[in-house]
Amino acid sequence: MPLQHPRIRTFEDYQDAYQRSIENPEQFWASVAEPFTWRRKWESVCKPDLVDGHNEWFSGAKLNITENCLDRHLATRGNKLALIWEPNDPKTRQIRYTYRELHQQVCQFANVLLNNGVEKGDRVCLYMPMIPQLAIAVLACARIGAVHSVIFAGFSSTAIADRVNDAQASVVLTSDGLNRGPKQIPVKRVVDEALESCPSVRRVIVVEHLGWPVHMEEGRDVWYHEEAQDAAKTCPAEEMDAEDMLFILYTSGSTGKPKGVVHTTAGYMVWADYTFRNVFQVEENDIYWCTADIGWVTGHSYLLYGPLLNGASTLMFEGVPTYPDAGRFWEVIDKHGVNVFYTAPTAIRSLMATPLDNVLSYSLDSLRVLGSVGEPINEEAWHWYHTHVGKERCPVIDTWWQTETGGIMISALAGVSPTKPAHAGQPLPGVQPVLLTQEGQEIEGNNQEGYLAIKASWPGIIRTTYGDHERAKQTYFGPYPGYYFTGDGARRDENGLYRIIGRVDDVINVSGHRFGTAEIENAINENDNVVESAVVGYPHDVKGQGIYAFVICRDGACANEADKPRVEASIIETVVAQIGKIAKPDKIQLVSGLPKTRSGKIMRRILRKVAEGETSNIGDVTTLLDPAVVDEIISGRK
Ligand code: 6R9
């Protein structure tokens, strides 16, 4: 019988755990880590570094995360469901794997990787639909010590190439195509296009999903099902060091290209496991469903690793909330008896906008806990979720965290700590949030607002940005040495509960997806008609934030009104090609100039006001090189 992981059950437990985690973090985390399967125990629990960002946890320990996700459950949970797969089309076949079956599948996939020359430390990029083989492949990489880097299957070929090249991946895993609601997308073709400029890739393993004919590059591409034929269903797990890389996940920041956030083995494992168990309070026979795609960090930590580490039954959904109709989420919940449900505010808001019958016609009796993640949940959405989905019976937990934090940082623990609409709540044990002034002074007391930073290391903290530690250092530890800087603004209410207000940097959050404004501007500037552009976010009813682009065209490109729609359409096409459909500007305004200071800096504050429609209150424009452009921009507002 494996050692049991204790769980926080009452608010007193929480307060006690929190206190212990702050007073003696080493002792606290050593006891949390104890019950895992270790090949060798750590020499030191924690080596914190919030100045240069060289954080280590459980250094010296040896382990494999898949032994903890799979092998150690076999004796007690071998026949328990590990993974349930609900297809895009409700009329087609579901797939269910017990822990024993999933273990075999992962071992078999791991052997295919080994047979194709993948070695410990190699980077493997995955560009795949939400099918069981994606989950299996991720775990297979971890099994053999390869570093997985999942690329969300909505990114364009250019975006794939950027990521594959940055990671210097030798192998890419993909499928023939994918289903997204009523649409089918030829994924392999997108990968083929990307790989034209990725010399590091020597092997592509293709999973058959739609049964579409695809081009197979001689000497490079192989079919998974052919490779699997002779692959054994057992595979010893590679022994990994605590600080060996587990995965890279690319995410957008305020400058430059997306960066590869690196998480390592032991700290991430402990953090994903601990946060999952205590936040969601999943019971042994529960069905747990996180709607996130594995292409995002939420899918990594709370669809895959967190639930499997805890021996839970995790549901994976291929489709979208509105197919075949806007009742799909609720239909899936009733069909599978989902007890704990975790989704994003943007999904809730899009479903709120459809007739209420879509949700009222399902019983939703099985639900016990509702979670939210990815962006601030506005009060209206919170109440709708609480009333119509949770029938006022289920706590709604608003979980704040980031790709860089590895797991949930601030959240109520379901049924244990207080919830308040639009508030994430209190920090998890081990997390020490502070509010800082712009100058970096800590703001004491409640009823305060400031920049959210974290003043102690935690096991899931980002270890580096792949291939460029200086960038990680500057982004997260540079602004306020001694603190991890989140990039978010927050408010602490009268009871010490945190409310996340939103980003304070040039990152915008569109339907829970992060984009740097510079990243979208760079994409727009690739268009031949464009001289310069400036992108800002603005409040959007469903997406949270929409993308508003101000664009200066080259002389003659927009000589008359009639040219504008064509130019705008071509700009959108360029962004879709450079990044993907998810980054499509919602509004494009063609302008003759941008509001710049004498030193040439674009005053985004003004553009934000225009995009928000706050044009009567634009503020001081006297420092602008040419204040007249502001009037033109206001009068042309979309
Ligand atoms: C997990 C994830 C991180 C950014 C983060 C913040 C926003 C996430 C939130 C939230 C308010 C919440 N964010 N959860 N804002 N309330 N519960 O989403 O990671 O994709 O890296 O995004 O998302 O702005 O800084 P990631």
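The written sequence of each chain sets the order in which its residues are numbered from 1. The predicted nature of this model means local features are confined to residues of pLDDT at least 70 and side-chain atom pairs, given and counted, to a pLDDT of 80 or more, with totals for whole chains, interfaces and linings taken over all residues. Excluding hydrogens and water, the side-chain figures rest on all heavy atoms present in the structure.

With that out of the way, let us pick up the packing of helix 10 (residues 265-280) against helix 11 (residues 297-309). At a minimum axis distance of 8 Å, the contact between helix 10 and helix 11 shows a crossing angle of 90 degrees. Comparing the axis directions of helix 10 and helix 11 gives the class roughly perpendicular. Residues Tyr268, Met269, Ala272, Asp273, Thr275, Phe276 and Phe280 of helix 10 form the contact with helix 11, whose participating residues are His300, Ser301, Tyr302, Tyr305, Gly306, Pro307 and Leu309. When residues are sorted by character, Ala, Val, Leu, Ile, Met, Phe, Trp, Tyr, Cys and Pro go into the nonpolar class, Asp, Glu, Lys and Arg into the charged class, and all the rest, Gly among them, into the polar class. Among the residues forming the contact of helix 10 with helix 11, the class breakdown is nine nonpolar, four polar and one charged. A fitted line through C-alpha atoms serves as each axis, taken over the contacting stretch for helices, and the angle formed by two N-to-C directions is quoted from 0 to 180°. Segments assigned H or I by DSSP are reported as helices when at least four residues long, segments assigned E as strands when at least two residues long, and all are numbered from the N terminus. To sort the angles, those under 35 degrees are grouped as roughly parallel, those over 145 as roughly antiparallel, those from 65 to 115 as roughly perpendicular, and the leftovers as oblique. A contact between two residues is defined here by any heavy atoms of the two lying within 4.5 Å.

Turning next to the UniProt feature "domain: Acetyl-coenzyme A synthetase N-terminal" (unreviewed entry) in the chain. UniProt positions are given in the numbering used here, feature names are shortened, and annotations may be inferred rather than shown by experiment. Mapped onto this structure's residue numbering, the UniProt feature "domain: Acetyl-coenzyme A synthetase N-terminal" (unreviewed entry) falls at residues 14-69. With 43% helix and 18% strand, the stretch residues 14-69 has end C-alpha atoms that lie 25 Å from each other.

A few words on the pattern of salt bridges. Throughout this description, the term salt bridge denotes a Lys or Arg side-chain nitrogen within 4 Å of a carboxyl oxygen of Asp or Glu. Scanning the model with the defined rule gives 40 salt bridges in all. Close ionic contact of Lys257 with Asp162 constitutes a salt bridge, the shortest N to O distance being 3.3 Å. Here Asp162 lies in helix 7 (residues 157-167) and Lys257 lies in the loop between strand 14 (245-251) and strand 15 (259-264), a separation of 95 residues in the sequence. Exposed residues in this analysis have more than 50% of their type's maximum accessible area, buried residues have under 20%, and partly exposed residues fall in between, with area computed by a 1.4 Å probe over protein chains only. Residue classification places Lys257 among the exposed residues on the basis of a relative accessible area of 51%. Where Lys335 meets Glu331, a salt bridge forms, and the shortest distance between an N and an O atom there is 3.9 Å. One end of the pair, Lys335, and the other, Glu331, are both in helix 12 (residues 328-336), four residues apart, so they sit about a helical turn from each other.

Bringing the site of the ligand into the picture now. Near residues are defined by distance, with any heavy atom within 4 Å of the molecule or strand qualifying the residue. Asp398, Thr403, Asp488, Arg503 and Arg514 are the nearest of the 17 residues found near the ligand. Polar contact is defined as a pair of N or O atoms within 3.5 Å, subject to the rule that within protein one atom must be able to donate a hydrogen and the other to accept it, and that residues adjacent in sequence are counted only when both atoms are side-chain atoms. Side-chain polar atom of Asp398 to a nitrogen atom of the ligand: 2.7 Å apart, as the coordinates give it. The separation between an oxygen atom of the ligand and a polar side-chain atom of Gln402 is 2.8 Å. Expressed as a share of its isolated accessible area of 530 Å², the protein-covered part of the ligand is 96%. Listed by contribution, the elements that provide at least two residues to the shell around the ligand are helix 11, strand 20 (396-399) and strand 25 (498-503). Within the shell around the ligand, the residues separate by chemical class into six nonpolar, six polar and five charged. Shrake-Rupley sampling with a 1.4 Å probe provides the accessible areas, and residues are treated as covered by the protein chains on show and by no other component.

We call a set of buried residues a nonpolar core when its members are Ala, Val, Leu, Ile, Met, Phe, Trp, Tyr or Cys and they connect through side-chain atoms within 4.5 Å of each other. Phe58, Phe280 and Tyr305 are the most contacted members of the largest nonpolar core, which totals 123 residues. Residue contributions to this core reach at least three from each of two domains, namely domain 1 (11-64 + 244-502) and domain 2 (68-238). When residues no more than four places from it in sequence are discounted, the contact partners of Phe58 are Trp29, Ala33, Trp38, Trp42, Ser44, Val45, Ala242, Ala266, Gly267, Val270 and Pro459. If you look at the next biggest cluster of nonpolar residues, it comprises 43 residues, including Phe515, Ile520, Ala523 and Val551. Residue ranges assigned to each domain were obtained from an automatic or database domain assignment.

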